[in-house]
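Take a look at the letters that make up each chain.
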Amino acid sequence: MASTTHTAPTAPAKRDRTHYLYIAVIVAVALGIAVGLIAPDFAVELKPIGTGFVNLIKMMISPIIFCTIVLGIGSVRKAAKVGAVGGIALVYFLIMSLVALGIGLVVGNIVEPGTGLAVTDAIKETGQAQVSPEAKDTTEFLLGIIPTTIVSAFTGGEVLQTLLVALLAGFALQAMGNAGQPILRGIEHIQRLVFRILAMVMWAAPIGAFGAIAAVTGSAGLDALKSLAVLMIGFYITCFLFVFIVLGALLKIVAGLNIFTFLKYLGREFLLILSTSSSESALPRLIAKMEHLGVSKPVVGITVPTGYSFNLDGTMIYMTMASLFIADAMGTPMAIGEQVALLLFLLVASKGAAGVTGAGLATLAGGLQSHKPALVDGVGLIVGIDRFMSEARALTNFAGNAVATVLIGTWTKEIDKARVDEVLAGRAPFDEATLLDDHEVAAPAEAEPEGEKQLAKA
């Protein structure tokens, strides 16, 4: 009884501390914007602070993906179930990418934001500089999924390489049966360690948010925002409509969930993305929160990492509107046939450039260079506001992957509906200290302590 009394107040205390942490993030973002506007030169020098924080989180992505997928697949008896999840996920990602491209196409043709802008020589040079040598064609991209060694999958920072190794390890452990159980228990403990480290890293979020947002504000300034406000506002509105109308309708029809309630549950992750301008910074927490919500480990482990390379709804909308904007600004507006051909090409090109730093702008520039080189000069027009647009890109990509996880879990019957209702109603709060639910990890190992508790109560 004494132990129960001791445990009860501890959880709220932890939640209170993390509550203050995210209030500190909001304050840091406000201070960063202020510094960026008042002292832009100094603010740009703060960029390494934000980069350092994002890199701290990125270093945790590979081990978290590996542990999640291996535990998920290793505990499933039939490999066919995992294959079904992957197949449904890829088909859904392709359909939603096409929907996002279509929506961007319609809005871009209605708004015509690039009309009347001039492209100077300086802008042309800036545009050409955005063509990244890191971008790969589709063949190179597919071959790049195979790591040089098993270890390099973790050290190279390539999400899809980690995904491949984790899938192979998971299927191997599945085939080993009972002989693989000690290895699974070891990976369960490693997962606990990795999530605990991530929880510690999150306490640096206010400092990282301050440095990142100050640098973005200082480098762009108000002039760029004013001159390109139509494109920016149009893009933000389009992303908003896509999330709350398209994704919201799907979520309601398929899973019976309210999009506002669902996104409220992910509020802290959205704040983290907003302050770091990177959806990758919230990837580990999305995995933890989707499992906590009641989606099975195999669905979360496959859908979330794959979605971060193949389900980029925000990036699709961005490339559509930016392409039309550049074509109008260059005085060479495209016919509908040209627009569709270019955008289908960019759909494929975006997979080849997955993982490239500043992927949105680099993908756009690389795609235009390959398909319509005359437009590359105009990419320089949006460099100044790209970081502000990347906020909406990242938020939309994140929302798209979160909704996709729930939808695929529903279609494959790998989601606990009762658990979802409990979590979204606030009756089963997420543990911010460990990012894990004790009852979900190492079920066999937890059986004995649970039995001891029952004896103690008796």
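Because the structure is predicted, anything quoted here is derived from the model rather than measured.

1. Things to note about the UniProt feature "transmembrane region" (unreviewed entry) in the protein
In step 1: Mapped onto this numbering, the UniProt entry gives "transmembrane region" (unreviewed entry) at residues 20-39, 59-76, 88-111, 141-173, 193-216, 228-251 and 342-365.
In step 2: Helix makes up 100% of residues 88-111 and strand 0%, whereas the separation of the span's terminal C-alpha atoms amounts to 35 Å.

2. Describing the pattern of salt bridges
In step 1: Taken as a whole and judged by the stated rule, the model has four salt bridges.
In step 2: Between E269 and R285 there is a salt bridge, and its shortest N-O distance comes to 2.5 Å. With E269 in helix α13 (residues 267-276) and R285 in helix α14 (residues 283-293), this pair connects stretches of sequence that are 16 residues apart. Each of the two residues, E269 as well as R285, counts as buried.
In step 3: With its nearest N and O atoms 3.0 Å apart, the salt bridge here joins E422 to R427.
In step 4: Residue classification places E422 among the partly exposed positions, given a relative accessible area of 32%.
In step 5: R427 sits in the exposed class, given a relative accessible area of 54%.
In step 6: The network of salt bridges with shared partners includes E269, R285 and K289.

3. Some words on a nonpolar patch on the surface
In step 1: Residues L94, L98, I336, V340 and L344 make up a contiguous nonpolar surface patch of about 420 Å² in total accessible area.
In step 2: Breaking the nonpolar patch down by element, the ones donating at least two residues are α4 (79-111) and α17 (336-352).
In step 3: Ranked by residue count, the leading element in the nonpolar patch is α17, at three residues.
In step 4: The topology assignment puts I336 in helix α17.

4. Things to note about the packing of aromatic side chains
In step 1: The final tally for this structure, using the stated rule, is seven aromatic pairs.
In step 2: With centroids separated by 6.2 Å and ring planes inclined at 65°, the aromatic side chains of Y92 and F93 adopt a geometry described as edge-to-face. Neither Y92 nor F93 differs from the other in exposure class; each is buried.
In step 3: Counting every residue linked through ring pairs, the aromatic cluster contains Y92, F93 and W411.
In step 4: Taking the ring centre of Y265 as reference, the NZ or CZ of K289 above it sits at 4.8 Å.

5. Some thoughts on the environment of K47
In step 1: You can see K47 is positioned in helix α3 (residues 47-74).
In step 2: When the C-alpha atoms of K47 and I213 are compared, they prove to be 8.3 Å apart, with 166 residues separating the residues in sequence.

6. What about the packing of α3 against helix α8 (residues 159-176)?
In step 1: As a packed pair, α3 and α8 sit with axes 8 Å apart at the nearest point and diverge in direction by 30°. Comparing the axis directions of α3 and α8 gives the class roughly parallel. The chirality of how α3 crosses α8 is right-handed. Note on element contacts: α8 touches α3 through V159, T162, L163, V165, A166, L167, A169, G170, F171, L173 and Q174, opposite I61, S62, I65, F66, I69, V70, I73 and G74.
In step 2: Here the contact of α3 with α8 is built from residues that sort into 14 nonpolar, five polar and no charged.

Calculation rules
- Residues numbered from 1 in each chain as written.
- Predicted model: local features only at pLDDT ≥ 70, side-chain atom pairs only at ≥ 80, totals over all residues.
- Heavy atoms only, no water.
- UniProt positions renumbered as here; feature names shortened; annotations may be inferred.
- Helix = DSSP H or I, 4+ residues; strand = E, 2+ residues; numbered from the N terminus.
- Salt bridge = Lys/Arg side-chain N within 4 Å of Asp/Glu carboxyl O.
- Buried < 20%, exposed > 50% of the residue type's maximum accessible area, 1.4 Å probe, protein only.
- Patch = residues over 30% accessible without salt bridge, like charges linked within 9 Å, V, L, I, M, F, W, Y side chains within 5 Å.
- Areas by Shrake-Rupley, 256 points an atom, 1.4 Å probe, with all protein chains shown as cover.
- Phe/Tyr/Trp six-rings, centres within 6.5 Å; stacked < 30°, edge-to-face > 60°.
- Lys NZ or Arg CZ within 6 Å of the ring centre and 35° of its normal.
- Axes fitted to C-alpha atoms, helices over the stretch in contact; angles between N-to-C directions.
- Parallel < 35°, antiparallel > 145°, perpendicular 65-115°, else oblique.
- Left-handed = near helix turned anticlockwise from the far one by under 90°.
- Contact = heavy atoms within 4.5 Å.
- Nonpolar A, V, L, I, M, F, W, Y, C, P; charged D, E, K, R; others polar.

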